[in-house]
Amino acid sequence: MLRIGVGKVQPREAEFPEHGRADFPWGHEMHMIDLAGTCRHIVRDWATSMLKLLGKPTSINVRKVLWLGEELALQIDHAPMQAPGDAESLRRLNPNGLVPVLIDGTAVLWESNTICRYLAARQRRHDLLPAEPLARARVEQWMDWQATDLNSAWRPAFMALVRHSPAFQDAAVIDHSVAAWNRLMTVLDAQLATTGAFVTGADLTLADIVLGLSANRWRMTPMARPALPAVDAWIARLETRPGYRAHAGNGIP
Ligand SMILES: N[C@@H](CCC(=O)N[C@@H](CS)C(=O)NCC(=O)O)C(=O)O
């Protein structure tokens, strides 16, 4: 009879068909102990085991995936990728060198909203990402708006007022960014006032997850903001969800 235990080893090097070799900051080791007490161990092919997520837990785009993971009750092995030397490894998985990166078996995915769509579809969660084309397009419309228009609007203001980046200190550019950010948040407010619940209707979808992170950042950035009662009411609804509290409204802008 064999007894089996699982332990962690790191770092581990692995091969991905499309990406070549990459160091990975953790792996799994399976120990097999026979009756004579002899310990042999084999290294499990961790690349075919559970979902892996790379990226700092403070990153707004990583937090989308962590929150979604909770909504889907998925077990995700999360590595922050902060150690020296991680950058080169990361670039082999995502040529942009950015997080999040999701690893599912030998498949590697990057772009946070795409990862969210993939996970919802993988788990057949049509409540979060509808199968019906028009309903799905409405969710994706707001997700794309988040990733393009809204993200472009806030970047200079956020980099200046929260990150205090020397590269973003032009007052006119900051003012313009604050105004654009506030204007787009009023667009979201009007939509939420119409639905009276979540971004696309009565139920939470992926649009609420990606925009929930954006709205939290908007509320936490020290700048003048208009009163947006529908956004406030929506965030109060999001705050009832453990995934939002843990990964979005968790005190990190
Ligand atoms: N469009 C990409 C943007 C990814 C991105 O900008 N990620 C940031 C963190 S939010 C990043 O990796 N920054 C470099 C770092 O954190 O080291 C996505 O949505 O996944």
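Residues numbered from 1 in each chain as written. Predicted model: local features only at pLDDT ≥ 70, side-chain atom pairs only at ≥ 80, totals over all residues.

Trainee: Explain the overall build of the protein chain here, please?
Mentor: Summing up its helical and strand segments, the protein chain has eight helices and nine strands in all. When the 253 residues of the protein chain are sorted by exposure, 33% land in the buried category. Of the contacts made within the protein chain by residues no fewer than 6 positions apart, 62% connect residues no fewer than 24 positions apart. (Helix = DSSP H or I, 4+ residues; strand = E, 2+ residues; numbered from the N terminus. Buried ≥ 20, exposed ≤ 12 C-beta atoms within 10 Å, placed from the backbone. Contact = placed C-beta atoms within 7 Å.)

Trainee: Looking at this model, I keep getting lost on the site of the ligand. Mind explaining?
Mentor: All residues adjacent to the ligand are Lys-56, Ser-59, Ile-60, Asn-61, Leu-98, Val-99, Pro-100, Glu-111 and Ser-112. Classifying every residue of the shell around the ligand gives four nonpolar, three polar and two charged. (Near = placed C-beta within 6 Å. Nonpolar A, V, L, I, M, F, W, Y, C, P; charged D, E, K, R; others polar.)

Trainee: How should I be thinking about the pairing of strand E7 (residues 76-79) in this particular structure?
Mentor: Each regular strand shows side chains that alternate between the opposite faces of the sheet. The pairing of strand E6 (residues 51-54) with E7 spans four bridges and is parallel. Across the sheet, Lys-52 pairs through a bridge with Asp-77, a residue of E7. Where the polypeptide runs from E6 across helix H1 (residues 60-71) and back to E7, its parallel neighbour, the crossover connection is right-handed. (Pairing = 2+ DSSP bridges. Right-handed = clockwise from strand over helix to strand, strands pointing away.)

Trainee: Whenever I open this one, helix H4 (residues 133-161) confuses me. Can you help?
Mentor: An α-helical turn contains 3.6 residues, so a residue and the one three or four places further along point in the same direction. For H4, which comprises 29 residues, the first-to-last C-alpha distance of 40 Å matches the rise-based estimate of 42 Å (1.5 Å per residue) to within 8%. At Asn-151, H4 shows its largest kink, close to 45°. When H4 is considered as a whole, its buried residues turn out to be Val-139, Trp-142, Met-143, Trp-145, Gln-146, Leu-150, Ala-153, Trp-154, Pro-156, Ala-157, Phe-158 and Ala-160. Next to the buried residues of H4 lie helix H3 (112-122), helix H5 (171-195) and helix H6 (206-220). (Expected span 1.5 Å × (residues − 1). Bend = angle between axes of the 7 residues up to and from the residue.)

Trainee: When you look at the environment of Asp-127 in this model, what are you seeing that I'm missing?
Mentor: Position of Asp-127 among the secondary structure elements: in the loop between H3 and H4. The class for Asp-127 is exposed, based on 12 C-beta atoms found within 10 Å. Sequence separation between Asp-127 and Leu-206 is 79 residues; the distance between their C-alpha atoms is 9.0 Å.

Trainee: What is the right way to look at the sheet that holds strand E9 (residues 107-110) in this model?
Mentor: The mixed open sheet is built from four strands, whose spatial order is E7-E6-E8-E9. A strand with exactly one partner marks an edge of an open sheet, and here the two such strands are E7 and E9. In this sheet, adjacent strand axes meet at a mean angle of 20° when their direction is disregarded. (Axes fitted to C-alpha atoms, helices over the stretch in contact; angles between N-to-C directions.)

Trainee: Help me understand the nonpolar core, please; the structure alone is not making it clear to me.
Mentor: One recurring pattern in soluble globular proteins: nonpolar side chains tend to sit buried together. Judged by nonpolar contacts, the single largest core of 55 residues is most densely connected at Val-65, Val-101, Cys-116, Trp-181, Leu-206, Ala-207 and Val-210. The element contributing the most residues to this core is H4, with 10 residues. In terms of domain composition, this core takes at least three residues from each of domain 1 (1-125) and domain 2 (133-247). What Val-101 contacts, discounting residues up to four positions off in sequence, is Leu-54, Gly-55, Leu-90, Leu-93, Asn-94, Val-108 and Trp-110. (Core = buried A, V, L, I, M, F, W, Y, C linked by C-beta atoms within 7 Å. Domains from an automatic or database assignment.)

Trainee: Would you explain the packing of H3 against H6 in this entry?
Mentor: Packed helix pairs are characterised by how far apart their axes lie and by the angle those axes make with each other. Across the interface, H3 lies against H6 with an axial gap of 11 Å and an inter-helix angle of 150°. The interaxial crossing formed by H3 with H6 has right-handed handedness. For the pair formed by H3 and H6, the contact residues are Asn-113, Cys-116, Arg-117 and Ala-120 on the first element and Leu-206, Ile-209 and Val-210 on the second. (Left-handed = near helix turned anticlockwise from the far one by under 90°.)

Trainee: Can you walk me through the environment of Pro-156 in this structure?
Mentor: Positionally, Pro-156 belongs in helix H4. Residue Pro-156 is classed as buried on the basis of its 22 C-beta neighbours within 10 Å. For Pro-156 and Val-178, which are 22 residues apart along the polypeptide, the C-alpha to C-alpha distance reads 8.3 Å. The contacts of Pro-156, once residues within four sequence positions are left out, are Phe-168, Val-173, Ile-174 and Ser-177.

Trainee: Whenever I open this one, the pairing of E9 confuses me. Can you help?
Mentor: A one-sided burial pattern is seen for E9, the buried positions being Val-108 and Trp-110 and the unburied ones Ala-107 and Leu-109. Pairing geometry for strand E8 (residues 101-104) and E9, over four bridges, is antiparallel. Within E9, the position partnered with Asp-104 by the bridge is Ala-107. Between the end of E8 and the start of E9, which pair antiparallel, lie two residues, with Gly-105 showing a positive phi angle near 65°.

Trainee: Is there a simple way to think about H3 in this case?
Mentor: Those residues of H3 that fall on the buried side of the exposure criterion are Ser-112, Ile-115, Cys-116, Arg-117, Leu-119 and Ala-120. Where H3 ends, the next residue or the one after it, Arg-124, has phi of about 55°, a positive value.

Trainee: Help me understand the packing of H4 against H6, please; the structure alone is not making it clear to me.
Mentor: Relative to each other, H4 and H6 sit at 15°, their axes nearing to 9 Å. Considering their axes alone, H4 and H6 lie roughly parallel with respect to each other. Considering the relative orientation of H4 and H6, their crossing is left-handed. Mapping the contact onto sequence places Val-139, Trp-142, Met-143, Gln-146, Leu-150, Trp-154 and Phe-158 in H4 and Leu-206, Ala-207, Val-210, Leu-211, Ser-214 and Arg-217 in H6. Residue composition of the contact of H4 with H6, grouped by class: 10 nonpolar, two polar and one charged. (Parallel < 35°, antiparallel > 145°, perpendicular 65-115°, else oblique.)

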